[in-house]
Structures are given as C-alpha cells and as structure tokens.
Amino acid sequence: MELRIEELTKQFGKTVAVDHANLSLHEGVIGLLGSNGSGKSTMMKMICGILPSNSGNVFYENEEILKNYDNYVMNLGYMPQQLGFYPNFTVQEFLEYMSVVKGLKKEFYMKKIEELLMKLNLEEKRKAKIKNLSGGMLRRVGVAQALLNEPKILILDEPTAGLDPKERISLRNMISRLGEESIVLLSTHIVSDIESIADKIVIMKKGKILYYDTPENLLKMMEGKVYEVVCDRKTAERYMTEQIVVNVKKHHDQYTLRIVSDEVIEDGTSIEAGLDDLYLYHFNDEVKLEDF
Amino acid sequence: MAKMILFELKKIFKSKFKLILCAFVLLGNLWMSHYYNVQYISAVNENKMELHGVEALRYLDQFYSDLKGTVNATYLKDIEMKKTEMLKRFMDHDKSKEVFGEYYPMILEINDKENLDPELVKEIVETTEKTCKQLNIPFPLSYNDDYTYLKIDMLYLTDYKHTRQAFWYFDGPLQSTPFMQILNEEENQKIEYIVVNNQVKIKDTGFADSFWPYEWLEKYPVQVIDYLNDRYENMSSSYDSTVGATTLFNCISNYMIWLLNMLLIIVLLADVFSTEQRHKMDQYLACAKEYKKITMAKILTVLIVTVTIFAIQMGLLYGFVSWIVPIKNLDVQAVIPNCLMPLRRFDLFTFKELLIRTGITVLFALLSVSIVTSVLSCLTQNRIFSSIATMLFVALPMVFINNTTPFNMDYFPFEMLRMDTLFGNNIRFGFNQLICIGENVYYKASIICVGWVIAGILLYLFCYLKERRHIVRS
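About the cut-offs
Residues numbered from 1 in each chain as written. Chains lettered and ligands numbered in written order. Predicted model: local features only at pLDDT ≥ 70, side-chain atom pairs only at ≥ 80, totals over all residues. Heavy atoms only, no water. Salt bridge = Lys/Arg side-chain N within 4 Å of Asp/Glu carboxyl O. Helix = DSSP H or I, 4+ residues; strand = E, 2+ residues; numbered from the N terminus. Pairing = 2+ DSSP bridges. Contact = heavy atoms within 4.5 Å. Axes fitted to C-alpha atoms, helices over the stretch in contact; angles between N-to-C directions. Phe/Tyr/Trp six-rings, centres within 6.5 Å; stacked < 30°, edge-to-face > 60°. Buried < 20%, exposed > 50% of the residue type's maximum accessible area, 1.4 Å probe, protein only. Lys NZ or Arg CZ within 6 Å of the ring centre and 35° of its normal.

Q: Sorry, what's going on with the pattern of salt bridges here?
A: Oppositely charged side chains can pair when the atoms bearing their charge come close. What the rule picks out here adds up to 19 salt bridges over all chains. Between B:Lys352 and B:Asp331 there is a salt bridge, and its shortest N-O distance comes to 3.2 Å. You can see B:Lys352 sitting in helix α17 (residues 351–380) and its partner B:Asp331 sitting in the loop between α16 (291–324) and β9 (333–334), a full 21 residues away along the chain. Look at the salt bridges and you will find they share partners, linking A:Lys112, A:Glu115, A:Lys119 and A:Glu150 into a network.

Q: Where do I start with the sheet that holds strand β14 (residues 269–270) of chain A in this structure?
A: Within a sheet, adjacent strands bond to each other through the backbone by hydrogen bonds, running parallel or antiparallel. All names here are of chain A. Taken in spatial order, the 4 strands of this open sheet run β12-β13-β11-β14, and their pairing is antiparallel. The strands lining the two open edges of the sheet, one partner per strand, are β12 (244–251) and β14. Relative to β14, strand β11 (residues 226–231) is paired through 2 bridges, and the arrangement is antiparallel. For Tyr-227, the partnering residue across the bridge sits in β14 and is Ser-270. The strands touched by helix α10 (residues 275–283) within the sheet are β11, β12 and β13 (254–260), with β12 carrying the most contacts at an inclination of about 130°.

Q: Can you help me understand the environment of B:Met281 in this one?
A: Relative to the helices and strands, B:Met281 is located in the loop between α14 (275–278) and α15 (282–286). If we skip the residues at most four places from it in the chain, B:Met281 touches A:Gly84, A:Phe85, A:Tyr86, A:Phe94, A:Met98 and B:Glu276.

Q: Would you take a moment to explain the packing of aromatic side chains for this structure?
A: The description of an aromatic ring pair rests on the distance of the ring centres and on the angle between the ring planes. In the structure shown here, the tally under the stated rule is 21 aromatic pairs over all chains. When the ring of A:Tyr69 is compared with that of A:Tyr72, the centres are 6.1 Å apart and the planes differ by 40°; the resulting orientation is tilted. Of the two residues, A:Tyr69 and A:Tyr72 are both situated in helix α2 (residues 69–74); the distance of 3 residues between them amounts to about one turn of the helix. In this structure A:Tyr69 comes out as buried when scored by relative accessible area, which is 6%. For the ring pair A:Phe94 and B:Tyr284, a centre distance of 6.1 Å and an interplane angle of 75° mean the geometry is edge-to-face. Separated into two different chains, A:Phe94 in helix α3 (residues 91–101) and B:Tyr284 in helix α15 make up a pair that spans both. The exposure class assigned to B:Tyr284 is buried, which follows from its relative accessible area of 3%. Directly above the aromatic system of A:Tyr212 lies the positively charged group of A:Lys200, at a separation of 4.7 Å from the ring centroid.

All we've got here are geometric facts, nothing functional implied.
What follows is the structure in structure tokens.
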C-alpha cells in the first residue's frame, strides 16, 4: 500500500503554504512535525482531496486520488485540526450521521459505533449532546468518526490536543495498533506523542519538507549536538541567550541545562539526543519563549 | 437518501428555539383565524337574540341549511314567500305604518322586485319622503332612477342590528345578479359576442356583467369567452349552507397567516446550506463518499419542511373550522353568504375548486420562499444574510401597494398570498386573468406556479453544481 505525494504545492496569495512536497508513505505511523504555519494542515487537506493543489498530485496505489475519489474516500479517515460538530446532535447521532454520509451499511456501522464508543471511553456519553462535551471528549468523538469506515489511510491533525495524559496514552496505543495495517499520518506539536509510536517522521518548515526518515536516523543526525551542563545562575543565563536550551532544572544553587548546539560545549557532557532536541534544533528561530 | 433527509430534519428541528417558534406560529395562526374570521361574525336568531362568533356561525349554518334547494322558478317563488313572512316577523309594524301609511301592505308585497309600475313606485317614494321629513327620520327606501325597483331599507325595527341581519339573510340567495341568473335554470345569461377581424366584439356581457367589465372581456380571445360561457353553463344550481366552507376559505385566504408561515420557513431554512460551514462540518463531509447526496437531501428536506408546514397549518385550520361548524357542500357554487363576507363572490367556482386553487397557490408561494431562502443560504453561506435578503424579497411588493410597480410583482410570493386578488369579482387584473396559449385557456396563477417550478429546478441545479467537492473554504 502506497500513498505518494509528488511536487505538491499550494499557494495562498503570495504565501506558499506547501512548496513542492514529495513523499512516499507506507503502512505505519508517520508523524508530521512542524511549527504553526509550516503547512502541515494544508498538506493534510490536499492529501484528503478537499483542498485543490496549485500543482502536483497525490497518488494512492499509483492512481491519482481525484480520478477515483469515491473509491479513495472509502479508504480514508480524516480528523481535522478544527473540529466541527452539529451541537444539538448526540454523540450517537453524530456518529450515525457520519456513517451514513460515508456510505456505510447499517449493520456494519451500528457494531462499529459500539466498538469505538467502548474503545474511546465514550459509552456513557452516547446520548449526551455534543455541545455539552468537554474539549477532550470532542477530540475523541473526532477520532471515532475518522475510524468509522476502518480506513487504510488515516489523517489525524493534532488528535491529542486537549486530551489528559491518560486519554493521550490510550489514543497513542490505539494509533500504534492502527499503524500496523494502515497508513496513519498524524501531525502534532507534542513531540512525545509521536516519539514512541512513529515509524517515520516528516519535518516541515515554511512549506518545505526538510526531512522524512525514521526517528532513529533523524536522531543520528543529532549525535554530538546535545549536551548537559551543570553551572551556576550567571552561566545558565549566558547559555540561555547564546544557545538553544531545551530544558532547565534547578537544584539548590546549581542549574542543569540541556543544550542543543552545533558547537562543542566544553564544560558540558555529550548526551543522547531526543526528538524534542531535534524539534528545537530546527525550529528554534520560530519558537517563542511563551511556548515553554 | 431517506436517512440523510432524516438527519437534515434533525439538524433543523433539534433546536429548541425553532421548535418553540413552530408551535408559536402554528397555534398563533389559529388564534388569528378566530380573531379575524370568527369573532366578528354576529347573527340574530328567531327570538331576536344577538349571537356572536362560534354561536353565530352555528346558527347561520342551520339558517342557510333551511333555505337549501335547487334554484329554479319554484325555488325562487318559495323563497319569495319566505322572505315576505320573515319581513313581517321582523318589521316594527307600528312604526312602519306611521311612515308608509296606506302603502305599507303594498310595500311589503312589492319589496325587492324589479319591473314595477313606475307611477306607483314614484308615488310611494314621494309620499314617504314627505312623511320622513315631517317626522325627522331617515328616508328608508332604495329605488332606481326609472322607478321600476323598490326596496325597504328596514330601518324601523326595534333594534337596527336585527333589521340588518334580516336584510342580509335575503340578500344572500336572492341577489339579483349574477348568482340568481346563473342558478336559475330558466335564464340564459351567456356572454354574447361576434368576431370582427379576429377581434372579439361583445354584444351582451351576460352573467359576467358585474365582475368582468365590457372592455376587459373584449381583450380576451374567443377561447377565453367560450371557456367562461362553458363554466357558466355547467355551474351547480343547488343552494345550501356554505358557512363552514366559507369560514375555511376565509381562514385560508387570510394572507397574514401565511405571511407568518413564510417567516417561519425563512427562519427554519436560512441555515440549511450554511450550517456545515458554520459548524466546521464541511471538512468532514467534503471527503465523505455520499457527499453529492447531501445536497440532494438538503433540497428534498427544504421541500418536505415547506409542504409539511403547509399541511399542518391547513390541517389545523380545517380542524378548527370543522370544530365550529361542519364543512360541507363543497361542490356547490362558491357564493359566500353576505353576512360572512360581503362584496366577495366567486360565481364560476365551486368551493372545492376555490379551496384547491387557493391552497395550491399558497403552497407555491411558500415553496417559492423556501427555494429563495435555501438558494441564498447556499450562495452566501450566511444564515443572517440569507434570511434578511429573503425577508426583503417577500416584503418588496408591500412597498408598491397602491402604486405603480417598476416590474410585474405577480410572481412575488407576497402577491401570491393575497387571496382577495384570486378569482374574486372585485379584482380582474391579477391572478384572475385568463391566458390563452394555443387553443388552451390557463389561469395566470397556474402559469405563475409553473414559473416557480421551472425557477426552482434551475436554482437548485445551480446549488447542486456549486456544492460539489472541494467546499472547504476555511
């Protein structure tokens, strides 16, 4: 199974949201990392076929998706970043409606809804009106609707935003299982969400795909660039202005800093890199202090 | 498709506000029907007791049922006798003798007859006029210029209102024209014409005299005149109580009721195509397999909602009227008893025809509003804009009432609702117009309804094309 993206480009006025993107996706979980405005959601919409591209194409099993779109969407599950719902529908009604518009048969979708409500811990809320649900519950309903048709291609735009740690772990496990048989493309800001489950990671910056590789290979690129430094307050402040500081821990009067740097930090110890380090290494110029 | 329509209906009616509004409009209209069409009716029974509203309608229904029969020479003679008896019962004889003097018994006999002796009528009129001046009371007689007709205005009863009721009773079935002429099997009052240079020249306006003026008849082609004559010849000649049918017709032709329904439809449907974008559902639906069917489901939902509202409102009105008085005799000629609605007559129609034609025109007026609302909702993706724009569309003809309109307003739903312009004898220029296409004669109302069917198909085709894939705009 292959989902191929060739020279995909989208422009809004003078802004290039996605710039000649090329990807070849196979079964597994593919994490899409990028800062706000990097073009993740735009690319996902184009992959879903709901936003026309300026140039380039998306191919599923070597066939351009828009040529046989009805067949393509039967294999597609999409959860957008901005969740939409009919506020007066109950959870059950919403999922039934989505099943009907996805063209599923009643016998199939009634069982599937039961299964998803149970897996996503929404059983008790099936008769609750959507307008009365919390943000986390809404996300779970959004995920449930994407999974109704047992999709071979699952596009999840920031599915874990607003979920509590327990819900996040539960969803991560579910996505991991889905990735065994499907192509799961999920975007997130939360690096830890994909760290443990992503088979491959796409890093996007300003519409361009910077890297597309396994986490191990990406982390290899970071070898010798991550240091731990134990220092006093004055030195810590200097590092924070001069270097990319991923983490700061204070213990009595001593500060332990985790620094990402191309330069060798002489009083630091080289340590193993993580995806947070990778993310900050590439997006430090776009990340504001408030993000911490 | 049925399931999708069901969900579309849920999207509309899952709102408490909309449900309350529906109940308010539908039940409020019943109150309005009572207020405008029942409450004001009054009648006086045999015991000179004044009745109002529901009681009055029930009494009148019984009263007119007693006058039922086939209108022929025998029927007219019987009615004439009944009328004289009634007059004697209702009149204030002492006062009348004082006014009319020795002519009083004679007046009772000749009252409301034509072709009288002009000398006698002139003498009665002059004498009575003199007496009235002496007594300082209003002159109580009506007569024509050549003194061949005389009618008592019946002022001299103990209670003026009672007199008025008696007057109305006999003004109903025995109006001189055109009802009596049409129903009287022995009369032949067809429109007579000749054709000169392919132009119709009217020789005698016949039964149409009081509601189609000469100059208008001459504008019609031969087929239309023949059509009118044909209808005239085939009209029912039976007279019976049509109080229930008339009250139902009055309720249905109350344009205020339907105007409120129009506003309800606008509120219900203004969001029908924009709700997806408003609730950010368009992104889900754009990549759903049955996406194309959603547009069709929405279009069908719009039509179903409109027809259902119409049917419920008609059902409520029918139930309301039949609770008051039985709705019967729909196949007799639609002559409305004068005490229920003076000045309106629909001589060439039975009540069934009148109710069906009125109902269909109202339904199409409602459909036209729902089509415009939903298409604007699709076009603008904004419920506020689409509802305001449709309201303006509905209200536009109101601006031009009694003025010259810049273009033909007949196709506007508000004009379609104004039932007093339909088939009535007092309006000749609107829906009542007959149009000849080829050899066939059509009512303008029918042409307008067909026009809306075509417009609806074209507008919805546009919606269908617009709502294709790639709808995500955010």
